[in-house]
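# Fold and contact review
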Amino acid sequence: MIRVLAFVFLLLFLLGCVNTAVELNNNGTSSGENFPPTTDHSLNPYGSNGQPNNSGDSPANTIENCDNPLFTAYLVDPSYVQKVGQVGVVHGSGLYIVERSYISVKSEFHGEKVPVYAPVNMSLRSGSHYQNPAATDTALPDYALWFDVGCGVEVNLAHLKEVVEPIAVQLQEVKSDSRSSQLSPISFQAGDLMGYFIYNEGDVAGFDFIVRDKKVVNEFINPERYSGYRAGNLINGVCPYDYFDPTKKQEYYNLLGGGGGTLFSIKDCGHSSRDVAGTISGMWFLDEEPQESIYEGYKDGDYGSTLSIVGDEERITIGNLGPTPTSWVYPNNPTYVLPEEVTNEHCYQIDGSTPNQNAGWVYFKLVSTTEARVSYSSTGTCPDSFPENSKTYYK
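Nothing here was measured: the structure is a model prediction, and the numbers come from that model.

## Notes on the overall build of the protein chain
- Within the protein chain, the secondary structure is distributed over four helices and 24 strands.
- Pairs at least 24 apart in sequence give 63% of the contacts found in the protein chain among residues at least 6 apart.
- Looking at the protein chain as shown, the accessible area adds up to about 18200 Å², and 52% of this sits on carbon and sulfur atoms.

Here it is as structure tokens:
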């Protein structure tokens, strides 16, 4: 009888292990960050250097009690770099603001392999290999890679064109989308080669560098709009260059510039949240109540369900309004005023793809900290007063 009971208990134990394994496998493929990020990659069972991550189990090892990692190696040699972008810029689609820093290489290195290195000890945990829909048919496929640094910090690189063999053998298939798959962990030490960025005509002009830190919670005027999985990238997105040692941080800060390639005189890395209370800066929404995700939108005529406005030294970018993904206002335009300086109402005369091309206007009128009226026309010049025809947007 005892032998029978022992056999039954053993059988139940084995069945439980099988069920657990199936659950882990089902979580192995996720809709990865790149376009847009919608998955919490923090559910990785491995910490830095590929060792089991027990930081959530032991009070002594919680992320609040650990030291921030220091990036001691170059991600990319600054001599290759034309500019590094701010975080918290309007995405090229115009639909939302993103936390990535976009790194562009100098024209003399176009067509050449630009080495990309591990800036810190870290472990690869997921990735994707896909044909970028934004590039031409002749463009090389993209790699997007997610790394765990430990202490609640993760690194994402996107638009790499070649990767080292241990990564490549796990991502052989070229997919039609950027959904990431869980990979067998690979440890990298600071300074290890990870892959290459290559720019060819018709391809994306740079690659993404993203750092998220679970210890950082960015502030928004309406936090509920970004809570949970609605906008995980913006909640914890940080300036990646702040994690480098002081010398390398300054070198990268000296390369900060705008989307058009202008190097900034004021070295500001930006912020994943562009909300500034009492101004028009940041993201606005046609839906008064928060939706399931900030990345799912629609158009109501010329007005997008999301509307983003961000300004820098190079230009003001307004996203998802009118027939083009983004609209710009340049500093030589008489209506150029940084969005965080507009505290009542203001009309922007929109430039075209280059300065001094009249592409209509957009008039903002702030009603309260969380509400604004917006009026837009693809033609003509700014009216003398706020028009009756407008839409209401909310934070």
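Here the narrative resumes, following the displayed structure.
## Some thoughts on the layout of surface pockets
- In this structure, the largest pocket spans a volume of roughly 980 Å³.
- Along its surface, the largest pocket is lined by 39 residues, and Val89, Val90, His91, Gly92 and Tyr102 are the ones closest to its centre.
- Those elements that provide at least two residues to the lining of the largest pocket are strand S2 (81-85), strand S3 (89-90), strand S5 (101-105) and strand S20 (326-329).
- For the lining of the largest pocket, the leading source of residues is S2, giving three residues.
- When grouped by side-chain class, the residues that make up the lining of the largest pocket number 13 nonpolar, 18 polar and eight charged.

## A word on the sheet that holds strand S10 (residues 162-163)
- The strand order across the open sheet formed by three strands is S6-S12-S10, and the pairing between neighbours is antiparallel. A strand with exactly one partner marks an edge of an open sheet, and here the two such strands are strand S6 (113-117) and S10.

## Overview of the confidence of the model for the protein chain
- Chain-level pLDDT for the protein chain is 86 on average; 84% of the residues reach the 70-or-more range.
- Note on residues 1-61: pLDDT under 50 across the span, and 88 contacts to partners over four residues away in sequence or across chains.

## Section: the packing of aromatic side chains
- Using the criterion set out here, one finds 17 aromatic pairs in the structure.
- Each ring, one from phenylalanine 71 and one from phenylalanine 244, has its centre 5.3 Å from the other, and the planes form 85°; the classification is edge-to-face. Placement of the pair is phenylalanine 71 in the loop between strand S1 (29-30) and S2 and phenylalanine 244 in the loop between strand S14 (237-238) and helix H4 (246-253), with a sequence separation of 173 residues. Taken individually, phenylalanine 71 and phenylalanine 244 each receive the classification buried, so the pair is uniform in this respect.

## Remarks on the state of the cysteines
- The full count for this structure, using the stated rule, is three disulfides.
- Bridging cysteine 66 to cysteine 151, the disulfide has an S-S length of 1.9 Å. Residues cysteine 66 and cysteine 151 share a disulfide whose torsion about the S-S bond is about 105°; that sign makes it right-handed. In this pair, cysteine 66 is assigned in the loop between S1 and S2 and cysteine 151 in the loop between strand S8 (142-150) and strand S9 (153-160), connecting sequence segments 85 residues apart.

## Quick look at the pattern of salt bridges
- Here the structure, examined in full by the defined rule, presents 14 salt bridges.
- Lysine 249 is the salt-bridge partner of aspartate 242, the closest N and O atoms lying 3.6 Å from each other.
- In the salt-bridge network here, residues are joined through shared partners; they are Glu99, Arg125, Glu154 and Arg212.

## A look at the nonpolar core
- Core analysis: the largest hydrophobic core is formed by 46 residues, its most contacted members being Leu75, Phe209 and Tyr241.
- Excluding residues that lie within four positions of it along the chain, leucine 75 makes contacts with Ile103, Pro115, Val116, Tyr117, Pro119, Leu157, Met194, Phe207, Phe209, Phe244 and Tyr252.
- The next biggest cluster of nonpolar side chains, apart from the first, holds 20 residues, and it includes Trp284, Tyr303, Tyr348 and Ala372.

## Topic: the environment of valine 153
- Residue placement: valine 153 occurs in strand S9.
- For valine 153, a relative accessible area of 1% puts it in the buried group.
- Between the C-alpha atom of valine 153 and that of asparagine 236, which follows or precedes it by 83 residues, the distance is 9.3 Å.
- Dropping the residues within four chain positions of it, valine 153 is found in contact with Asn68, Pro69, Phe147, Asp148, Val211, Arg212, Asp213, Lys215 and Tyr243.

## Examining the side chain of aspartate 213
- Relative to the helices and strands, aspartate 213 is located in strand S13 (residues 206-213).
- In terms of polar contacts, aspartate 213 uses its side chain to reach the side chain of lysine 215, at 2.8 Å.
- Not counting the four nearest positions on each side in its chain, aspartate 213 is found in contact with Asn68, Cys151, Gly152, Val153, Asn236, Val238 and Tyr243.

## Here we look at the side chain of aspartate 312
- Note on placement: aspartate 312 falls in the loop between strand S18 (303-311) and strand S19 (316-321).
- No salt bridge forms around the buried aspartate 312; measuring N to O, its nearest opposite-charge neighbour arginine 315 is 6.0 Å away.
- There is a polar contact of 2.8 Å between the side chain of aspartate 312 and the backbone nitrogen of glutamate 314.
- Setting aside its immediate chain neighbours within four residues, aspartate 312 contacts Gln86, Phe264, Tyr336 and Leu338.

## Considering the environment of serine 184
- Tracing the backbone shows serine 184 in strand S11 (residues 180-188).
- For serine 184, a relative accessible area of 46% translates into the label partly exposed.
- Counting along the chain gives 58 residues from serine 184 to serine 126, while the straight-line C-alpha distance between them is 8.0 Å.
- Setting aside residues up to four positions removed in sequence, serine 184 forms contacts with Leu124 and Gln170.

Quick notes on the rules
Residues numbered from 1 in each chain as written. Predicted model: local features only at pLDDT ≥ 70, side-chain atom pairs only at ≥ 80, totals over all residues. Heavy atoms only, no water. Helix = DSSP H or I, 4+ residues; strand = E, 2+ residues; numbered from the N terminus. Contact = heavy atoms within 4.5 Å. Areas by Shrake-Rupley, 256 points an atom, 1.4 Å probe, with all protein chains shown as cover. 1 Å grid on protein atoms, 1.4 Å probe; cavity = no way out; pocket = protein on both sides within 12 Å on 5 of 7 lines; lining within 4 Å. Points joined across faces, edges and corners; volume = space filled by probe spheres on them. Nonpolar A, V, L, I, M, F, W, Y, C, P; charged D, E, K, R; others polar. Pairing = 2+ DSSP bridges. pLDDT = per-residue confidence, 0-100. Phe/Tyr/Trp six-rings, centres within 6.5 Å; stacked < 30°, edge-to-face > 60°. Buried < 20%, exposed > 50% of the residue type's maximum accessible area, 1.4 Å probe, protein only. Disulfide = S-S within 2.5 Å. Salt bridge = Lys/Arg side-chain N within 4 Å of Asp/Glu carboxyl O. Core = buried A, V, L, I, M, F, W, Y, C linked by side-chain atoms within 4.5 Å. Polar contact = N/O pair within 3.5 Å; in protein donor to acceptor, adjacent residues only side chain to side chain. Lys, Arg positive; Asp, Glu negative; His and termini not counted.

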